[in-house]
Each structure stands twice: as C-alpha cells, then as structure tokens.
Amino acid sequence: MAPDIWIADTFGIDSDSLTTITHRLVVLAIVLLVAFGVDLFCRKVVIRVIHRVTSATTTKWDDYLLSDKILRNACSLIPPIIIYFFIPIVLEGCETALSYVLKLLQLYIIVLIIRLLCSFLEGLYRAGSEEEGLRHHPLRGLYQMFKLIAIGIGVIIGISTLLDKNPITILTGLGASAAILMLVFKDTILGLVAGVQLSANSMLHDGDWITIPSRNVNGIVKEVTLTTVKVQNYDNTIVTVPPYALVSESFQNWRGMQQSGGRRVMRSLNIDMNTIRFCTPEEMERYEELGWLEGFTRTGHAEVNLHVFRNYVERYLASHPDINTAMMIMIRQLQPTANGLPVELYFFTDGTEWKAYEYTQAAIFDHVIAMINEFGLKIFQSPTGDDITRSIYRQ
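Summary of the structure given here. (Residues numbered from 1 in each chain as written. Predicted model: local features only at pLDDT ≥ 70, side-chain atom pairs only at ≥ 80, totals over all residues. Heavy atoms only, no water.)

So, about the pairing of strand β8 (residues 341–350). Of all 10 residues in β8, 9 are buried, a share of seventy percent or more. Pairing geometry for strand β6 (residues 262–271) and β8, over 10 bridges, is antiparallel. In the strand pairing of β8, Arg 263 is matched with Thr 349. (Buried < 20%, exposed > 50% of the residue type's maximum accessible area, 1.4 Å probe, protein only. Helix = DSSP H or I, 4+ residues; strand = E, 2+ residues; numbered from the N terminus. Pairing = 2+ DSSP bridges.)

Next up, the structure:
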C-alpha cells in the first residue's frame, strides 16, 4: 500500500486533501529554505565584504552607518519579506488564514524596520559624536527625539495595519486625546522643544562649564537628553536640570571664556585715603633708580604717590609672563567709600585652567600688597583687637 493512501486511511483524510497538504508543506519548506538561505548568505558573505570595504576607507562615517548591528538588522528583514511575497502560494484558497498570516508578517516587518531605523539613528549619533565640529553639540537629545518619532510612527502604522484603517484616521483619533497626551508627556514634549532650541542656537554643548545659582549648579555638562541635563559640579556631585529650565531661565555658560584663552581678574584693594599724598623729590629719585617709573608720564608738578603706584602696577602686569597682554589691562579707581578708596585691578590671565588661574591671581596680589607700602600707601583695614590694645599701650 502506498504511504499517502495508508496515511489517508489511518487518519481519515481524503487523499486529495492529503496531496494538497503535502504540496503546501513542500512549498512552505522551499520558501523557508530560500528565505533563511539568503539571510545566511548575506550574514556570512555580504556583511564580511562590506566590512572589508569600510575598513579600507579613511572616513569613519561608513564604519558607524554600516556597522555590524545595522547590517544584521537589515539582514533580519530578508526572511519575512520573502515569506510575505510567497506565502499566498502556500495558503492559496485559505483566505482567512492568509489574511491573519499576512497581518502578522506586516507587524513583524514594521517592528524590524523600526529596529533598523533606531540602530541607524544610533550610528548617526555615534558618528556625529566623533566629528570634531559636532562633538560638543547636544546630539543625544536630537537622537532620542528622532528615535521617539520613529517609534511613534511605527506604532501608528502597526495599529492601522491591525485595524485595517488609514494611518491618517488613527492620527485624527489621537488628536481628540491630545490634551491627555500633552499632560502625560509634558516633560518629554517640553524637553524635546528645549533640546531643539539648545542645539539650534548652540546654547549648550557637552563639556561646557555652566552656572545656575538658583539651582545650585556650578560644573561641567556631562550629558544632554530629552528630559534632563546632567551636570557634574566641582564638588563631584551630580545635578540634573530639565532642559526647558535652561531655555526659560537664565544660566551662565563659560564656554566663551574658555575659548578666548584668557580668564578675567577683577579685584580691588581699598586704599586708606589718609595715606594718599604728594611724593617728595627724594622718593621720585629713588623710584627712578629702581626702575619703577618706566613708562610714567610726568605732569610737571608734584606727583601723587597713588598715581605712581597705579603706573607701577600696570607696568608690572604688562610684563608678567602669566598675563594675557593681548587683552585689556587696566588699573582704575572706584567710588570712594567709608572703607577707603577702591583701586581695581582689571586684567586677564594667560590660560583658563582653574588652579593656574587662582595661583596666578594670588601671586600677583601677594606682590601688589607687599609693594604698596613702598609708595607710602596703606591698605584700609578695620581695627582688630590687637590694634586697639596697641593704641591703649601707646597712650
């Protein structure tokens, strides 16, 4: 007895139906073999060829945009697409089953396409992060925004496929619940808009030093995402700030100072006005011998010791190796107060690194404070207990 006749008699299946089922299974096996055979060929041969080509080029963009992850995600689309086109042959005459299988395949293909798009966007983000001109832009927020848009579009298309509806109809229905969506995703939407503004206007880059006194922020930007800006303060604490706060509020970005190559010093010393007087000829002669009058323009009259001192400090700063002489150097008087006459030193250090800046500033003021008595001047200082005690003993 033939095998197909024995199976038909044993299970009570009509021989014609059995032939049809066998035919369908054979065709399905061929389709699956072709689909996964092409997939295997692409993974083992095509991907390796592409990697060899990209590794031979000097540019880095193709290494990210044709990475192993992206190519494998692209290869995973091959089997379901081949099956989608040939499954009607397998299920010919089974319209209901064919309809369900096609919908499942469509949903699976949509998921794979979304995964491919997300991996492609990730490759773009990684390539942009390595690019010198784009490295300091908040690309992570843009990457998350486009990824969110891709997923949203995929979900809408998937729902429309299941319901056999036009995607525009689904969008119209979502419009009615826009108020609820805006309430639920308020931070995400605000962060999305703020992230675009920060990036488009170049307001904030990764690695920038920013300060926001109202939020206790004073440190380096580590990461900019859709919902948070992560800042590492100089005390090594991490502060997270919503991006829309940086757009709606005021913050200070020190990037311009760091790029200029000079950091400003603007500090003043309060001079005791009782010590401001005219210099004697002997003092002027001494200053001349010591070279402290270099560049000093005489008035033709008795010179004021504070005038001579300001000229000396300006010349000292102009010749200091750690001062940026290409930027402004100015010694000016401010409005007199009850605490003396403020004399402000305004200059820029040659470099922006914090420790070097503080050391240079301290060294300069050490010298200026030590030299001020040489010009017959004194710094105003409120009397301490020792001052009062000495005054009593003198009496």
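Its identity is not glycine, yet Asn 216 carries a phi of approximately 60°, on the positive side. Along the polypeptide, Asn 216 turns up in the loop between β1 (209–212) and β2 (217–224). Phi at Asn 236 is positive, roughly 70°, even though this residue is not glycine. Mapped onto the elements, Asn 236 comes out in the loop between β3 (229–233) and β4 (238–241). Relative accessible area serves as the criterion here: at 58%, Asn 236 is assigned to the exposed category.

The next point concerns the packing of aromatic side chains. Applying the stated criterion to the full structure yields 12 aromatic pairs. When the ring of Trp 209 is compared with that of Tyr 234, the centres are 5.6 Å apart and the planes differ by 85°; the resulting orientation is edge-to-face. With Trp 209 in strand β1 and Tyr 234 in the loop between β3 and β4, this pair connects stretches of sequence that are 25 residues apart. For Trp 209, a relative accessible area of 8% translates into the label buried. The class for Tyr 234 is partly exposed, based on a relative accessible area of 36%. Plain terms: the ring middles of Phe 309 and Phe 375 are 5.6 Å apart, the flat faces sit at 65° to each other, and that makes the pair edge-to-face. Remark: Phe 375 occurs in the loop between α15 (354–371) and α16 (385–394) and Phe 309 occurs in helix α14 (residues 305–318); sequence separation between them is 66 residues. For the pair formed by Phe 309 and Phe 375, the shared burial category is buried. Within the aromatic cluster, the residues linked to one another by ring pairs are Tyr 287, Trp 292, Phe 309, Tyr 312, Tyr 316 and Phe 375. Across the ring face of Phe 365, the terminal group of Arg 267 is positioned such that the distance to the ring centre comes to 4.4 Å. (Phe/Tyr/Trp six-rings, centres within 6.5 Å; stacked < 30°, edge-to-face > 60°. Lys NZ or Arg CZ within 6 Å of the ring centre and 35° of its normal.)

Another aspect to go through is the layout of surface pockets. Looking at the second largest pocket, its volume works out to about 270 Å³. As for the second largest pocket, its lining consists of 15 residues, of which Trp 209, Trp 254, Met 257, Arg 263 and Arg 264 are closest to the centre. Put simply, the parts of the chain that give the lining of the second largest pocket at least two residues each are α12 (255–260), β6 and α15. Along the lines of polarity and charge, the residues of the lining of the second largest pocket split into 8 nonpolar, 5 polar and 2 charged. (1 Å grid on protein atoms, 1.4 Å probe; cavity = no way out; pocket = protein on both sides within 12 Å on 5 of 7 lines; lining within 4 Å. Points joined across faces, edges and corners; volume = space filled by probe spheres on them. Nonpolar A, V, L, I, M, F, W, Y, C, P; charged D, E, K, R; others polar.)

Overall, antiparallel pairing links the 5 strands, which are arranged β4-β3-β2-β1-β5 in an open sheet. Both edges of this open sheet fall to β4 and β5 (252–253), since each of them pairs with a single strand only. When β2 meets β3, the two strands line up antiparallel, connected through 5 bridges. Counterpart to Val 221 in the pairing with β3 is Val 231.

As summarised here, the arrangement of the 3 strands in space is β6-β8-β7, forming an open sheet in which the pairing is antiparallel. Looking along the sheet, the strands with just one partner apiece sit at the ends: β6 and β7 (330–333). For this sheet the average axis-to-axis angle between neighbouring strands, irrespective of direction, equals 20°. Its contacts with the sheet put α14 on β6, β7 and β8, and the angle it makes with β7 is roughly 155°. Packed onto the sheet, α15 meets β6 and β8 and runs at close to 30° relative to β6. (Axes fitted to C-alpha atoms, helices over the stretch in contact; angles between N-to-C directions. Contact = heavy atoms within 4.5 Å.)

Looking at the element boundaries, Phe 146 is found in helix α7 (residues 139–163). Separated by 25 residues in sequence, Phe 146 and Leu 121 place their C-alpha atoms 7.6 Å apart.

What follows concerns the pairing of β4. Along β4, the buried face is formed by Val 239 and Val 241; none of Ile 238 and Thr 240, which line the opposite face, is buried. Alignment of β3 against β4, held across 4 bridges, turns out to be antiparallel. The residue bridging Val 229 from the neighbouring strand is Val 241, located in β4. Between the antiparallel neighbours β3 and β4 lie 4 residues, among them Asn 236 with a positive phi of about 70°.

Another point: a nonpolar patch on the surface. A contiguous nonpolar patch, built from Phe 41, Val 45, Val 46, Val 49 and Val 53 and spanning about 400 Å² of accessible area, is present on the exposed surface. Judged by its relative accessible area of 36%, Val 45 falls in the partly exposed class. (Patch = residues over 30% accessible without salt bridge, like charges linked within 9 Å, V, L, I, M, F, W, Y side chains within 5 Å. Areas by Shrake-Rupley, 256 points an atom, 1.4 Å probe, with all protein chains shown as cover. Salt bridge = Lys/Arg side-chain N within 4 Å of Asp/Glu carboxyl O.)

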